[in-house]
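Here is what each chain is made of, one letter per residue.
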Amino acid sequence: MFAFVIRRIIQSLFVILVIGFIGFAIKHQIGDPVRDLVGISVSKAERDALREELGLNDPFMSQYVRFMKNAVRGDLGMSFFYKKPTLKVIVKKAPATLELVFVSSLIIIFLSIPAGVYAAIRPRSWLTRFIMGASIVGVSIPVFLTAILLIYVFSVELGWLPSYGRGATVSLWGWETGLLTIDGWKHLILPSIALSSIMLPLFIRLIRSEMMEVLQSEYVKYAWAKGLAPRRVYFVHAFKNTLLPVITVGGVQLGILIAYTILTETVFQWQGMGFMFLEAVERSDTTLLVAYMMVVGVVFVAVNTMVDIIYGLVNPTVRIAGRK
Amino acid sequence: MKKILIAACLALCIVLAFGATAQAKTLKLAMDADPVSLDPHVQLSGGMLQYSHMVFDPLVRWTKDMQIEPRLAEKWERLDDLTMRFYLRKGVKFHSGAEFTAKDVVFTIDRLKKSQDYKALFEPFTGALAVSDYVVDLKTTKPYPLVLNMATYVFPMDSAFYTGTDEKGQPKDAIVKIGPSFALTNESGTGPYKVTFREQGVKNVFTRFADYWDKASPGNADEIVLTPIKNDATRVAALLSGDVDFIMPVPPQDYERIRKESGVQLVTMAGSRIITVQLNQKRRPEFANRKVRQAIVYAINNEGIVKKIMKGEALAAGQQGPMGFAGYDPALVPRYDLEKAKTLMKEAGFENGFSCSMIAPNNRYVNDEKIAEAIVSMLAKINIKVNLKTMPKAQYWDEFDAQAADIQMIGWHSDTEDSANYTEFLCMCPNKDTGYGQYNSGNYCNPQVDELVLDSQSETDPAKRSQILKQVERLLYDDAAYVPLHWQNLSWAGKSNLDIDPIVNVMNFPYFGDLVIK
């Protein structure tokens, strides 16, 4: 077991190195950060002097080695735009994204489970047809369009909800949260609905088909034959087994949900990491880009490594398969 | 439980705090970006100058009809060819409480000459000399006609406040592009607003400066809350839903929507940013032929582009500087004539055309990509086949500098609000030593044009100077040195209770200090 864990950790360190290298390699293709730091009429000589000062003229490998040396010490460089250490910028933006993803996940969980289960139990009812039809529409509309439609209907036409931003936030031990103010919640409603609109139909359909499959299985038939109450059959015997694959998929989809925050946050001017990332691309804030990729990469690698290790604990075949 | 209670109390406090400030007149402002720094000299850009006009005050400034208006300088006179004397306003206070005097002007000019972005503009100046506390002389190395134009960029900074070293041992007046500096996070100007809160990219709060010198200013916004909203559709929605009071810029596709809506108003104005395409004579020998260049100008229907693509929110151009600029010649009008274009191509011997490449940005100018596409189809009519590639501005300028294509798009706004600036950057012979023709990717080179522009730089008689610059525009027009497209309109929108019209101008620096909220 110990050898398995060590092997896993060494592998993940290698993955992080590769992420750093790829990130660092593409940063030179994104554009020239110096352009964004000076006015357009500034001469080439001035720009070159600035580039030299920032060490952007050094050979690729020496820049990479310098970057990695600093990264090991936790220094991912200075953001060109924010003029602050990139890690600080990212940490400051993280709460906004995490809260948005958290509330969206809640929406997905609390809507997809009842809807999916209902659709599986009553496949022919008109409500099921409606849910299934609506989920097709939901899947096909891109998230930024959903977002703009929501803004148009609820902010511009009806005037019920604010159109952009996070609203009033409260600082809890350095964590800027919008979950503790009424204003903050009002601002959260539209973005979280927009963000959940991608995953919600997917989960409804997943739960429905899993549940329907389970309902066909022998043990459910046996449960019916035993004369158990329908509620017990559906929610204890069938539903529990439905959840296993759903949780597995859910873990993977969480990452995709974070990726979609880039679109949602941009439309709603939500000051999170996704918005920051897109702006950094536009501004060629390359150090911030690389730092973002490193941070997200490390988070993903860490989560996956942990999952693998837990899997290894639960399921010995995984461990054995890894052994030569 | 206790934690929740504390949090609830905090939330209540915030709600109450917001309720209290609602009494004072607050302007909620949304722009596409917020100032990159509190240091006005760190970058020369429209956004930084807009900020400078709020927090600092210039020596003089442009009025809406392009006249020079006194601000911190009450009057001025030319002493000789090389010296302009400014008489400064008395009793002006900085935000730090210090008194504004001539030494602050001297300090600011010295700092401008050190700034990477401004040093080229202030190259003609030897410096400033404080004659007395309220009299200062600006000296130039040779006779220079644009002293007043440049004085609009002199936003005096508090010399006492910016002197010394900060806690890190860095001099307080250091101009730092990347990384912390004193001036990045602290300001002391004489302007109508103080910066009271700033979280970059999220929110900026400007509070009216109680000791502001200009008591005659009608401005009555006690507080301005600036939120950057990058996405066009979101910015417009924020105005329409009432979340903000004023937005700039307004995307052209929403002009109609805002005009129709009650309770909000749209203000537009012809700008001075000229959009052009350049024809690279070095890469493509055909473009060295004047007739081919003329044929292209005749083939491109820039009035059509303005009408169809810009929806009328631009002014088709035949020259670089718009009306009101020294070199403007009303005779140089757009000249679309497809038949003539075909004839010219025939005369040049390119009846069957040729193919060439073109690049344009897709997020830099209004509708830039669509305009480029229109040009491609217009040139197809005279048998010039164009391979167009568009890209985001982050990648565009490197390609532009490398002259990666035969036809390249560029828009230009004159930093000096003067005609000569366009030609200096776009149409003079490219010269690495002098820096002229820095963005002349057409490689058009006419010694006569160069000579005339250089003459204009030391001609202090406005009438004579105007004649010279008109001649330049005429030469470029006849030579078809570049293809003029249009001047983009500037646009602002706000709630109906704002008096927007008097504070906006062609430079796109709304003077928020003078904004009246009814």
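Residues numbered from 1 in each chain as written. Chains lettered and ligands numbered in written order. Predicted model: local features only at pLDDT ≥ 70, side-chain atom pairs only at ≥ 80, totals over all residues. Heavy atoms only, no water.

An unreviewed UniProt entry annotates chain B as Peptide/nickel transport system substrate-binding protein of Desulfatibacillum alkenivorans DSM 16219. Looking at the Sequence similarities (unreviewed entry) heading of the UniProt record, one finds this comment for chain B: "Belongs to the bacterial solute-binding protein 5 family." (UniProt positions renumbered as here; feature names shortened; annotations may be inferred.)

Going by the annotation in an unreviewed UniProt entry, the name recorded for chain A is Peptide/nickel transport system permease protein, with Desulfatibacillum alkenivorans DSM 16219 given as the source organism. Taken from UniProt, the Subcellular location (unreviewed entry) comment for chain A reads in full: "Cell membrane".

A. Quick look at the packing of aromatic side chains. Counted according to the given criterion, the structure contains 28 aromatic pairs over all chains. Relative to Tyr64 of chain A, the ring of Phe21 of chain A has its centre 5.0 Å away and its plane inclined at 90°; by these criteria the two rings are edge-to-face. Here Phe21 of chain A, found in helix α1 (residues 2-30), pairs with Tyr64 of chain A, found in helix α4 (residues 60-72); they are 43 residues apart in sequence, far enough to count as distant. Since its relative accessible area comes to 34%, Phe21 of chain A is described here as partly exposed. Both rings, one in Phe287 of chain B and one in Phe354 of chain B, keep their centres 5.9 Å apart while their planes meet at 65°; by these two values the pair is edge-to-face. Here Phe287 of chain B, found in the loop between β12 (264-279) and α8 (290-299), pairs with Phe354 of chain B, found in strand β14 (residues 354-361); they are 67 residues apart in sequence, far enough to count as distant. (Phe/Tyr/Trp six-rings, centres within 6.5 Å; stacked < 30°, edge-to-face > 60°. Helix = DSSP H or I, 4+ residues; strand = E, 2+ residues; numbered from the N terminus. Buried < 20%, exposed > 50% of the residue type's maximum accessible area, 1.4 Å probe, protein only.)

B. Structural context of the domain arrangement of chain B. Residues and elements named next belong to chain B. Entries for chain B in the domain assignment read domain 1 (26-218 + 493-517) and domain 2 (270-490). Taken over C-alpha atoms, the centre of domain 1 sits 33 Å from the centre of domain 2. When domain 1 packs against domain 2, close to 1300 Å² is buried across both sides, 63% of that on carbon and sulfur atoms. At the boundary of domain 1 and domain 2, one finds two residue pairs in polar contact (both at pLDDT 80 or more). Of the residues belonging to the side of domain 1 that touches domain 2, the class tally is 12 nonpolar, three polar and three charged. (Domains from an automatic or database assignment. Buried area = accessible area lost by both parts, 1.4 Å probe. Polar contact = N/O pair within 3.5 Å; in protein donor to acceptor, adjacent residues only side chain to side chain. Nonpolar A, V, L, I, M, F, W, Y, C, P; charged D, E, K, R; others polar.)

C. Quick look at the confidence of the model for chain A. On average, residues of chain A carry a pLDDT of 82, and 96% of them reach 70 or more. Looking at the elements of chain A, mean pLDDT is at its lowest for helix α13 (residues 316-322) of chain A, recorded as 58, and at its highest for helix α5 (residues 86-121) of chain A, recorded as 87. (pLDDT = per-residue confidence, 0-100.)

D. Region of interest: helix α6 (residues 126-140) of chain A. Residue and element names in this part refer to chain A. A rise of 1.5 Å per residue sets the reference length of α6, with its 15 residues, at 21 Å; its end C-alpha atoms lie 21 Å apart and thus fit the reference within 8%. Among all positions of α6, only Thr128, Ile131, Met132 and Ser135 are buried. Relative to the axis of α6, the buried residues are bounded by an arc of 95° and lie together on one face. Counted as exposed and oriented over 90 degrees from the buried face of α6: Trp126, Arg129, Phe130 and Ser140. Capping the start of α6 is the job of one residue whose side-chain oxygen sits 3.3 Å from the backbone nitrogen of Leu127: Ser125. (Expected span 1.5 Å × (residues − 1). Arc of directions from axis to C-beta.)

E. Structural detail: the UniProt feature "transmembrane region" (unreviewed entry) in chain A. All names here are of chain A. Residues given the UniProt feature "transmembrane region" (unreviewed entry) here are residues 12-30, 100-121, 130-154, 188-207, 242-263 and 289-314. Structurally, residues 130-154 is divided into 92% helix and 0% strand, and its ends, taken at the C-alpha atoms, are 23 Å apart. Annotated as 100% helix and 0% strand, the span residues 188-207 places its first and last C-alpha atoms 26 Å apart.

F. Fine view of the side chain of His95 of chain B. Residues and elements named next belong to chain B. For His95, the position within the fold is in the loop between β5 (83-88) and α3 (102-114). At 2.9 Å, the side chain of His95 forms a polar contact with the side chain of Glu187. At 3.5 Å, the side chain of His95 and the backbone oxygen of Tyr193 are in polar contact. Those residues in contact with His95, other than ones at most four positions away along the chain, are Val55, Glu187, Ser188, Gly189, Thr190, Gly191, Tyr193, Lys194 and Phe209. (Contact = heavy atoms within 4.5 Å.)

G. Broad picture of the sheet that holds strand β7 (residues 135-140) of chain B. All names here are of chain B. In space, the four strands of this open sheet follow the order β4-β5-β7-β6, with antiparallel pairing throughout. What marks the edges here is a single partner per strand, and that holds for β4 (73-80) and β6 (125-132). For this sheet the average axis-to-axis angle between neighbouring strands, irrespective of direction, equals 20°. As paired elements, β6 and β7 share six bridges and run antiparallel to each other. (Pairing = 2+ DSSP bridges. Axes fitted to C-alpha atoms, helices over the stretch in contact; angles between N-to-C directions.)

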